[in-house]
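Architecture at a glance
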There are 2 protein chains.
Amino acid sequence: MTKIHKIPDVVIKRLPIYLRYLQQLMERDIDTVSSQQMGEDLNLNPAQIRKDLSIFGDFGVKGMGYRVTELAEKLISILGLDKQINIALVGVGNLGAALCQYNRYQNTSTKIVAIFDGHPAKVGQKIGNLVVHPMEDLSKVVKELNIKMAIIAVPAQAAQGVADQLIDCGIKVILNFAPTLIQVPPGIKVQNADVTTELQSLAYYL
Amino acid sequence: MTKIHKIPDVVIKRLPIYLRYLQQLMERDIDTVSSQQMGEDLNLNPAQIRKDLSIFGDFGVKGMGYRVTELAEKLISILGLDKQINIALVGVGNLGAALCQYNRYQNTSTKIVAIFDGHPAKVGQKIGNLVVHPMEDLSKVVKELNIKMAIIAVPAQAAQGVADQLIDCGIKVILNFAPTLIQVPPGIKVQNADVTTELQSLAYYL
């Protein structure tokens, strides 16, 4: 499908939440759901949900709500989750290794398929069914496995260098767990997932 | 200081990023910085930065930019990071244990000071310098250690029960790594940090 441009990032971030909810309804054989009910179950404003979903088309049926399966399929297609998305993870310290294990048990189309580390002592180690590659293999493995996305889980001081290498290999989308901001050229999407800044911003609400 | 109300969550989320950047400048003995320079270094729009910071007061000096130390101190005060914030972590599987280790090495005022798990086999284990408590001790430990915030890192099906217990103990702010949304009463702040939904929303940008 043609991508609709200029959709705010905050809307895109909510789509997987809608999708997971709809998939839970499907498991319970529920065919339709109102935005009111979705709002209650998801702690979101129903008007917000209707506005978000209307960007992508007219999925609601008057007096009936949304058709669950149809809407779930549409969201899968919008997000591009109808095929497996191969992910490289760089940095298999505590956090990286945990992310890798966690990803293995999630039934999702976003799959970590290769792991890398810059420390020679880590190379060759196994995490689940994956063997840690040296950074020198990055370009080759990214091509071989058709990897499109990467997770950075290295220390702050190594993050920019890793990001540069990933971008050189053609990676366009990065989830960054390193506690630092990385500089990227236009056209590259970086999402920061640094736990420390999350906790610090939450401190405001105390 | 009196909290200014109705500040958008997206602004609050950027404040720790500004703060870390300013602290990096302080380490390099840089006294002032322009919003232009901040924008370049942080990959953010300078007008956005000026707008964000103007909510909290007039920190800029014409032709000179922001006074780095003054602005950093103000952000620390706004976020409430001028004192240690004690955090409980529930769930010490791979991810929980990694978050705990990670937090130990971050020089930050948001500190995991107690860890809990519902599995008897985990209770009594040590992660770094912390011993895993049984869930039965939650209320007692939260009071004893003056814990204000919690991290949930349990499987999806256990998350709501854990959240309910935390809220019963007086916890008002939760960072939720479980791959599910939790329902909370008004006045409780939950931030979702589920890695799977992060990856799924990033798939859109491929």
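Residues numbered from 1 in each chain as written. Chains lettered and ligands numbered in written order. Predicted model: local features only at pLDDT ≥ 70, side-chain atom pairs only at ≥ 80, totals over all residues. Heavy atoms only, no water.

A few words on the overall build of chain A. Helix and strand content of chain A: 8 helices and 10 strands. Judged by the C-alpha coordinates and their principal axes, chain A covers about 60 × 40 × 30 Å. For chain A, the share of sequence-separated contacts (at least 6 apart) that also reach a separation of at least 24 residues comes to 55%. Accessible surface, chain A: about 9800 Å² in total, of which carbon and sulfur atoms supply 50%. Here chain A carries 21 positive and 19 negative side-chain charges, and the mean point of each set is 3 Å from the other. (Helix = DSSP H or I, 4+ residues; strand = E, 2+ residues; numbered from the N terminus. Contact = heavy atoms within 4.5 Å. Areas by Shrake-Rupley, 256 points an atom, 1.4 Å probe, with all protein chains shown as cover. Lys, Arg positive; Asp, Glu negative; His and termini not counted. Charge placed at Lys NZ, Arg CZ, Asp CG, Glu CD.)

A few words now on the packing of helix H1 (residues 9–27) of chain A against helix H4 (residues 68–79) of chain A. Residues and elements named next belong to chain A. Contact geometry of H1 with H4 gives a least axis separation of 9 Å together with a crossing angle of 145°. The hand of the H1/H4 crossing is left-handed. Contacts between H1 and H4 involve Ile-12, Leu-15, Pro-16, Tyr-18, Leu-19, Leu-22, Gln-23, Leu-25 and Met-26 from the first element and Val-68, Thr-69, Leu-71, Ala-72, Leu-75, Ile-76, Ile-78 and Leu-79 from the second. Classifying every residue of the contact of H1 with H4 gives 15 nonpolar, 2 polar and no charged. (Axes fitted to C-alpha atoms, helices over the stretch in contact; angles between N-to-C directions. Left-handed = near helix turned anticlockwise from the far one by under 90°. Nonpolar A, V, L, I, M, F, W, Y, C, P; charged D, E, K, R; others polar.)

Formed by 105 residues in total, the largest nonpolar core has its most connected members in A:Leu75, A:Leu99, A:Ile115, A:Ile151, B:Leu75, B:Ile115 and B:Ile151. Residues contacting A:Leu99, with those up to four places away along its chain left out, are A:Leu89, A:Ile112, A:Ile151, A:Ala153, A:Phe177, B:Leu95 and B:Val195. Counting 25 residues, the second-largest nonpolar core is a separate cluster that includes A:Val90, A:Leu138, A:Ile152 and A:Ile171. (Core = buried A, V, L, I, M, F, W, Y, C linked by side-chain atoms within 4.5 Å. Buried < 20%, exposed > 50% of the residue type's maximum accessible area, 1.4 Å probe, protein only.)

Relative to chain B, chain A is turned by 180° and slid 0.0 Å along the rotation axis, the superposed coordinates differing by an RMSD of 0.0 Å. Accordingly, the operation relating the two chain copies is best matched by a two-fold axis. (Least-squares fit on C-alpha atoms with pLDDT ≥ 70 in both.)

Now for the pairing of strand S10 (residues 189–192) of chain B. Residue and element names in this part refer to chain B. Of the two faces of S10, only the one carrying Lys-189 and Gln-191 is buried; Val-190 and Asn-192 on the other face are not. Of the strand pairs in this sheet, strand S9 (residues 173–176) and S10 are connected by 4 bridges, and their pairing is parallel. Residue pairing for S10: Asn-176 is matched across the bridge by Asn-192. (Pairing = 2+ DSSP bridges.)

Moving on, we get to the interface of chain A and chain B. Taken together, the contact pairs 58 residues of chain A with 58 residues of chain B. Where chain A abuts chain B, roughly 5600 Å² becomes buried across the two surfaces, and 65% of that area is made up of carbon and sulfur atoms. A per-residue breakdown of the area chain A buries against chain B is headed by A:Leu199, A:Tyr204 and A:Leu206, which together make up 13% of the total. A:Arg20 is paired through a salt bridge with B:Asp194; the nearest N and O atoms lie 2.6 Å apart. Inspection of the region where chain A meets chain B yields 14 residue pairs in polar contact (both at pLDDT 80 or more). (Buried area = accessible area lost by both parts, 1.4 Å probe. Salt bridge = Lys/Arg side-chain N within 4 Å of Asp/Glu carboxyl O. Polar contact = N/O pair within 3.5 Å; in protein donor to acceptor, adjacent residues only side chain to side chain.)

Glancing now at the environment of A:Val61. All names here are of chain A. Mapped onto the fold, Val-61 is located in strand S2 (residues 60–61). By relative accessible area, Val-61 is classed as partly exposed at 26%. Each C-alpha atom, one on Val-61 and one on Pro-16, is 22 Å from the other, the two residues being 45 residues apart in sequence.

To continue, consider the pattern of salt bridges. Residues and elements named next belong to chain A. Considering all chains together, one arrives at 10 salt bridges over all chains under this definition. Note that Glu-70 is salt-bridged to Arg-67, the shortest N-O span being 3.8 Å. Judged by relative accessible area, Glu-70 falls into the partly exposed class, the value being 40%. Taking relative accessible area as the criterion, Arg-67 reaches 37% and is therefore assigned partly exposed.

One widely used convention gives an interface's size as the accessible area the parts lose upon coming together. You can read the domains of chain A as domain 1 (9–79) and domain 2 (85–198). Computed from C-alpha coordinates alone, the two centres of domain 1 of chain A and domain 2 of chain A are separated by 31 Å. (Domains from an automatic or database assignment.)

Turning our attention to the sheet that holds strand S8 (residues 149–152) of chain A. All names here are of chain A. Across the sheet, which stays open at both edges, the 7 strands sit in the order S6-S7-S5-S4-S8-S9-S10 with mixed pairing between neighbours. The open sheet has two edge strands, strand S6 (126–127) and strand S10 (189–192), and neither has a second partner. In terms of strand pairing, strand S4 (residues 85–90) meets strand S5 (residues 110–117) through 6 bridges, oriented parallel. Residue Ile-87 lies in a different strand from S5, and its bridge partner there is Ile-112.

Under the defined criterion, the tally for this structure stands at 2 aromatic pairs over all chains. Aromatic pair A:Tyr204 and A:Tyr205: ring centres 5.3 Å apart, planes at 90°, arrangement edge-to-face. Owing to a relative accessible area of 9%, A:Tyr204 belongs among the buried residues under this scheme. Sitting above the plane of the B:Tyr205 ring, A:Lys189 keeps its charged end 4.4 Å from the centroid. (Phe/Tyr/Trp six-rings, centres within 6.5 Å; stacked < 30°, edge-to-face > 60°. Lys NZ or Arg CZ within 6 Å of the ring centre and 35° of its normal.)

Attention shifts here to helix H8 (residues 195–203) of chain B. Residues and elements named next belong to chain B. Counted residue by residue, H8 has 9 buried out of 9 residues, so it is predominantly covered. All buried positions along H8 are accounted for by Val-195, Thr-196, Thr-197, Glu-198, Leu-199, Gln-200, Ser-201, Leu-202 and Ala-203. Backbone nitrogen of Thr-196 and a side-chain oxygen of the N-cap are separated by 3.1 Å at the start of H8; the cap is Asp-194.

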